[in-house]
Amino acid sequence: MPIYEYHCKKCDKNFETLVMGGDVPACPACKSTDVSRLMSACGFVSKGKGGETTAKAAGTSACSGCSAGSCSSCGH
Ligand SMILES: [Zn+2]
């Protein structure tokens, strides 16, 4: 079963969760379902380049482009 990393737009936190059949998970911190799935490859790029935490890296505009499906903006 796949484990995906998500970013909560409401409280700006990242979390990992197990997803079954395309369900949208709720944020464990605030229970919001206003979340976006992060591409794991993109997360690694963000972490590797800046040495930042995942949450901090995903808070940048670079990673919102990533969750929209384009990873090209995520390499900086
Ligand atoms: Zn949240």
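Caption draft 1: Quick look at the sheet that holds strand 2 (residues 14–18). Strand order in the open sheet formed by three strands is 2-1-3, and the pairing between neighbours is antiparallel. Only two strands of the sheet have a single neighbouring strand rather than two, namely strand 2 and strand 3 (35–38). Looking at each pair of strands side by side, their axes are set apart by 40° on average, direction ignored. Sheet analysis places strand 1 (residues 3–8) next to strand 3, joined by four bridges and oriented antiparallel. Bridge pairing in strand 3 links Tyr6 to Arg37.

Caption draft 2: Broad picture of the confidence of the model for the protein chain. Chain-level pLDDT for the protein chain is 70 on average; 49% of the residues reach the 70-or-more range. The weakest mean pLDDT in the protein chain belongs to helix 1 (residues 40–50) at 48; the strongest belongs to strand 3 at 92. Taken as a whole, residues 41–49 scores under 50 in pLDDT and shows 19 contacts with residues more than four places along the chain or in a different chain.

Caption draft 3: Local environment of the nonpolar core. If you look at the biggest cluster of nonpolar residues, it comprises five residues: Tyr6, Cys8, Cys27, Val35 and Leu38. Here Cys8 is in contact with Lys13, Phe15, Cys27, Ala29, Cys30, Ser32 and Val35, once residues within four sequence places are set aside.

Caption draft 4: Highlighting the environment of Cys27. Position of Cys27 relative to the elements: it lies in the loop between strand 2 and strand 3. Contacts of Cys27, omitting those with residues within four sequence positions, involve Cys8, Lys10, Cys11, Lys13, Phe15, Ser32 and Val35.

About the cut-offs
- Residues numbered from 1 in each chain as written.
- Predicted model: local features only at pLDDT ≥ 70, side-chain atom pairs only at ≥ 80, totals over all residues.
- Pairing = 2+ DSSP bridges.
- Helix = DSSP H or I, 4+ residues; strand = E, 2+ residues; numbered from the N terminus.
- Axes fitted to C-alpha atoms, helices over the stretch in contact; angles between N-to-C directions.
- pLDDT = per-residue confidence, 0-100.
- Contact = placed C-beta atoms within 7 Å.
- Core = buried A, V, L, I, M, F, W, Y, C linked by C-beta atoms within 7 Å.
- Buried ≥ 20, exposed ≤ 12 C-beta atoms within 10 Å, placed from the backbone.

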